[in-house]
Amino acid sequence: MSKMKPLYDGIKLNCTIVSDTHIDEKHPMPWLPKWNLRNSLKDAKRNISPVDAFITVGDTTSRGSEANWAMTVDCFSKVPDAAKNIILTIGNHDCWHDDGFDSAINNYYKNFETICKRKLDKPYFSYILNGYHFVFLGNDCDSGCEASIGEEQMKWFEEDMEKAGKSKKPIFVFCHQSLNQKHGLPRTWDRNEDPNADPWDGGLGKNSDAVEEILKKHKNVYYFSGHSHMGIGGEKIQKSDGYSTFEKEENLRLINLPSLSCGNHHGEDRSMGVGVQLEVYTDKVVIRPRNTKKRKWLTVPIKDGKPYFEEMIDK
Ligand SMILES: [Fe+2]
């Protein structure tokens, strides 16, 4: 086990990204998701280059109940100072509460403030970290498994992306659901492939094309999602099955994260405890899958035979 360190010297931005931690008091082993989350925080804390942000891509909890959020707060408080910023994207499971969506979203806002030290009044927001723009999209209402991105949020998203584009730097967008029909969806939505699956299954849903259109208006956009609990897939599965964790659609890069705490399916490495490290340098972006439990980089070939994604920034 070794301390995490950046791939190159001169790092400008260093982030740990995990998804679908599914903290759950009703889990058959409630300690397990908590243990996975704490391990990923401890791993980030041991990075020799301080981590600028620890980000989850939604489904931090399995239901947005008071008990699950209390367990989540406990995890973060047990590993203080893992990163300079903690940011929690909202997922569909975080929107589910016995008393309805309003109770769930209020719990999200309240616990976001406790954990992330920022007051929210919308499920969508942005951050600027070391001069780089980070955009977070989130459900306006309970819409089942797909995302609900209302008109007001779409307008805000378009305007925020315009602002981000002016920086001429890479832009990082986070939404729990991937765009429709990417990363092998809909057939990779479930462990058991459904030949009659709806084409939207497992994806963002009705707003997917509109979101994609906005993303594609800008250069150097990286879109991170989770939701489908797929293992890390690289070049091999891309060749054999036509999908992978890292996909490219024109000028847009798409990255789908596995679940940190649930059994993953599809993909080449289905381990729990896997997230990615995002490293930004003056001229390039590097994204490295890592087993935060074993504190080891994954060995799955991702691009050009290397076990990580690396791309020059388009000037
Ligand atoms: Fe999930």
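Residues numbered from 1 in each chain as written. Predicted model: local features only at pLDDT ≥ 70, side-chain atom pairs only at ≥ 80, totals over all residues.

A. Region of the structure containing the nonpolar core. Ranked by internal contacts, the top residues of the largest apolar core, which has 69 residues, are Ile 17, Phe 54, Val 173 and Phe 224. A per-element tally of this core places helix α3 (residues 101–116) first, with five residues. Look past the residues within four positions of Phe 54 in its chain and what remains in contact with it is Thr 16, Leu 41, Ala 44, Ala 82, Ala 83 and Ile 86. (Core = buried A, V, L, I, M, F, W, Y, C linked by C-beta atoms within 7 Å. Buried ≥ 20, exposed ≤ 12 C-beta atoms within 10 Å, placed from the backbone. Helix = DSSP H or I, 4+ residues; strand = E, 2+ residues; numbered from the N terminus. Contact = placed C-beta atoms within 7 Å.)

B. Molecular detail of the environment of His 27. Within the element layout of this structure, His 27 appears in the loop between β1 (13–18) and α1 (31–45). Looking at His 27, the number of C-beta atoms within 10 Å reads 17, which means it is partly exposed. With 35 residues separating them along the chain, His 27 and Ser 62 place their C-alpha atoms 8.8 Å apart. Not counting residues within four places of it along the chain, the set of residues in contact with His 27 comprises Leu 32 and Pro 33.

C. Quick peek at the pairing of strand β6 (residues 171–174). Neither face of β6 is open: one carries Ile 171 and Val 173, the other Phe 172 and Phe 174, and all of them are buried. Relative to β6, strand β5 (residues 132–136) runs parallel, the two sharing four bridges. Its bridge partner being in β6, Phe 136 is matched across the sheet by Phe 174. Handedness of the crossover joining β5 and β6 through helix α4 (residues 151–165) is recorded here as right-handed. Examined bridge by bridge, β6 and strand β7 (residues 221–225) share four bridges and lie parallel to one another. Pairing of Ile 171 across the sheet is with Val 221, part of β7. For the crossover that starts at β6, traverses helix α5 (residues 208–215) and ends in the parallel β7, the hand is right-handed. (Pairing = 2+ DSSP bridges. Right-handed = clockwise from strand over helix to strand, strands pointing away.)

D. Quick peek at the sheet that holds β7. Pairing in this open sheet of six strands is mixed, and the strands run β4-β5-β6-β7-β9-β8 from one edge to the other. Where the open sheet ends on each side, the last strands, each with one partner, are β4 (125–129) and β8 (246–249). Taking each pair of neighbouring strands and ignoring which way they run, the sheet shows an average axis angle of 20°. Pairing analysis gives four bridges linking β8 to strand β9 (residues 252–256), with the strands arranged antiparallel. The residue bridging Glu 247 from the neighbouring strand is Leu 254, located in β9. Packed on one face of the sheet, α4 meets β4, β5 and β6 and runs near 165° to β5. (Axes fitted to C-alpha atoms, helices over the stretch in contact; angles between N-to-C directions.)

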